[in-house]
Structure formats: C-alpha cells, structure tokens
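An overview of the molecular structure
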Amino acid sequence: IVAAATPSGPAARAVVRLCGPHVRDCLVRLWRPAEDRGASEEAWNAGQRHAEDVLASVSRPTHLSGRVKLDDHYRHVPCELYYWPDHRSFTRSPMAEIHCLGSDPVVAALLQEICQQGARLAEGGEFTLRAFLGGRIDLTQAEAVLGVIQATSDREFDRALKQLAGGLS
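These lines cover the structure that appears in this document, whether it is placed above or below. The numbering scheme is per chain: residues are counted from 1 as the chain's sequence reads. Where local features are concerned, this predicted model is filtered to residues with pLDDT of at least 70; where side-chain atom pairs are given and counted, the filter is 80 or more; whole-chain, interface and lining totals use all residues. Side-chain measures were taken over the full set of non-hydrogen atoms in the model, leaving aside hydrogen atoms and water.

1. Section: the pattern of salt bridges
Filter applied, for reference: Take a side-chain nitrogen of Lys or Arg and a carboxyl oxygen of Asp or Glu: if they are within 4 Å of each other, that pair is a salt bridge. Under the scheme applied here, a residue whose accessible area is under 20% of the maximum for its type counts as buried, over 50% as exposed, and between as partly exposed, the area being computed with a 1.4 Å probe on protein chains only.
If you walk through the whole model with that rule in mind, you get eight salt bridges. Of the charged contacts in the structure, one is a salt bridge between Arg75 and Asp71, with a shortest N-O distance of 2.4 Å. For Asp71, a relative accessible area of 11% gives the class buried. Residue Arg88 pairs with Asp86 through a salt bridge whose shortest N-O separation is 2.8 Å. According to the relative accessible area criterion, Asp86 is buried, its value standing at 18%. One salt-bridge network, in which partners are shared between bridges, spans Arg49, Glu52 and Asp53.

The following block contains the structure:
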C-alpha cells in the first residue's frame, strides 16, 4: 500500500509511505542511490543492479539518499529514503518512507508511479490498522490516532493526545 503521509499543499518536504511484502521490489524500480547519475532510460536501467545491491544489503532500519523516478520519461527528483526491511517498522512489515520535495505535482506523480509498480493507494487509517493487527499498538491507541486526526477543537485534541499516551490503557 502507498499513501502521502503529509498534507497536500506547498511545503519544503513531503512524505510518501509504502508498506507491504513487496516494498523492496517496488523501490528497486523507482529509486536510485545518490551516487548514480543520469536521467536517460539507459542510465536509469544501468543503475537498477546497484539499487538492488544497496537495498539487499540493508538488514536494519536505514536512511539512504538518492532520487526517485516520477514517470516513464525518467524524470526524477532528489529524495531521502527511510527503509525498514523487516518487522521493525510501525506496521511490523517491510516499510519505506520517501521524503521528497513538497510539491503536489511531485507527490501525485510519485504516487502514480508507485501504483504502476504494483502498489495500491491505502485506505484511510490502513497503516494504523496494520500496526494494530501487528501488535504495535492497542485498540485504545488506534482509536486515539483517529481522534487526533479528527479533532476539531483544542479540547478534543488534548483528550486524544492523552489517550494516545496511554491515558485509558
């Protein structure tokens, strides 16, 4: 699954989150390490083996600099990749966060490219649901996350934060 983890609108950074057993396969097709250069199709394809090697060598949560492909024209943007290759992520499954330029067209193109690689757009709350099902958070905390997101007043926000911190657990 994939989703934008930051709100839309102009910003310095945007975060796109991926989760599931095929995260690495998806990343190999759309991410290249920072030291790989070249925007042509040939250069991009030549860097795939290096990307595979780099990602295969990751055995614990890791930060990697690089760039992501936005479309079939091999346009790309710089990014920071945070990669959890195993059960140590929030959802207890492989997960990645791509931190890139906070431009709505960039995020939209990146989401579209990731979906073309086999991911699907996440439903609202699906990452939290996976964390709950994976035993990372309890039901009260999952409900508190929803409460924080849906808070419309300071009082509701404070109540949800207390619940999230374990106030009712």
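2. Let's talk about the packing of helix α6 (residues 139-150) against helix α7 (residues 154-164)
Threshold: To get an axis, fit a line to the C-alpha atoms, keeping to the stretch in contact for a helix; angles then go from 0 to 180 degrees between the N-to-C directions. Secondary structure counts use DSSP, requiring at least four H or I residues in a row for a helix and at least two E residues in a row for a strand, with both numbered from the N terminus. Note on terminology: angles under 35 degrees are roughly parallel, angles over 145 are roughly antiparallel, angles of 65 to 115 are roughly perpendicular, and the others are oblique. Throughout, a crossing is termed right-handed when the near helix is turned clockwise from the far one, and left-handed when it is turned anticlockwise from it by less than a right angle. Note on contacts: a residue pair qualifies if any of its non-hydrogen atoms lie within 4.5 Å across the two residues. Three classes are used, and their members are as follows: Ala, Val, Leu, Ile, Met, Phe, Trp, Tyr, Cys and Pro are nonpolar, Asp, Glu, Lys and Arg are charged, and the others, Gly among them, are polar.
Running from N to C, α6 and α7 cross one another at 155°; their axes reach a closest spacing of 8 Å. In terms of orientation, α6 and α7 fall into the roughly antiparallel class. The crossing of α6 and α7 is left-handed. Here Thr140, Gln141, Glu143, Ala144, Val145, Gly147, Val148 and Gln150 of α6 lie close against α7, whose contacting residues are Glu156, Phe157, Ala160, Leu161, Gln163 and Leu164. Considering only residue class, the contact of α6 with α7 consists of seven nonpolar, five polar and two charged.

3. Topic: the packing of aromatic side chains
Which entries qualify depends on this criterion: Centres within 6.5 Å make a pair out of two Phe, Tyr or Trp rings, where for Trp the six-membered ring is used; the pair is then stacked when the planes are under 30 degrees apart, edge-to-face when over 60, and tilted otherwise. Charge-over-ring placement is defined geometrically: NZ (Lys) or CZ (Arg) within 6 Å of the ring centre, and within 35 degrees of the ring normal.
A full pass over the atoms with the stated rule returns zero aromatic pairs. The ring of Phe127 carries Arg17 above its face, with NZ or CZ at 5.7 Å from the centroid.

4. Topic: the pairing of strand β4 (residues 62-69)
What counts here: A pair of strands is treated as paired once DSSP finds two or more bridges between them.
As paired strands, strand β3 (residues 31-33) and β4 are joined by three bridges and run antiparallel to one another. Paired with Arg32 across the two strands is Arg67, which belongs to β4. Bridge count between β4 and strand β5 (residues 76-84): eight bridges; the pairing is antiparallel. The residue bridging Leu64 from the neighbouring strand is Leu81, located in β5. Here β4 folds back onto β5, and the loop between the two strands holds six residues, one of which, Tyr74, carries a positive phi near 65°.

5. What to know about the environment of Asp86
In plain terms, the rule: Polar contacts, as used here, are pairs of N or O atoms within 3.5 Å; protein pairs need one atom able to donate a hydrogen and one able to accept it. Residues neighboring in sequence count only if both atoms are side-chain atoms.
You can see Asp86 is positioned in the loop between β5 and β6 (95-102). In this structure the C-alpha to C-alpha distance between Asp86 and Pro61, which are 25 residues apart in sequence, comes to 8.1 Å. Beyond its immediate stretch of four places on either side in the chain, Asp86 contacts Ser59, Arg92, Ser93 and Pro94. In this structure the side chain of Asp86 is engaged in a polar contact, spanning 2.8 Å, whose partner is the side chain of Arg88.

6. Concerning the layout of surface pockets
Which parts of space are left empty comes out when a probe the size of a water molecule is rolled across the atoms. Stated precisely, the cut-off is as follows: Grid points spaced at 1 Å and placed over the protein atoms alone form the basis of the search, with a cavity being a set where a 1.4 Å probe fits but cannot get out and a pocket an open set showing protein on both sides within 12 Å along at least five of seven lines. Lining residues have an atom within 4 Å of a point. Grid points are joined across faces, edges and corners, and a volume is the space filled by probe spheres set on the points.
Each pocket or cavity is described by its volume, and for the largest pocket that value is around 260 Å³. As for the largest pocket, its lining consists of Gly124, Gly125, Thr128, Leu129, Phe132, Leu139, Ala142, Glu143, Val145, Leu146 and Ile149. Elements represented by at least two residues in the lining of the largest pocket include exactly α5 (126-133) and α6. The dominant element in the lining of the largest pocket, judged by the number of residues it contributes, is α6, at six residues. Of the residues assigned to the lining of the largest pocket, the class counts are seven nonpolar, three polar and one charged. Volume-wise, the second largest pocket comes out at about 220 Å³.

From the geometry alone we can't say anything about function, so treat these as descriptive.
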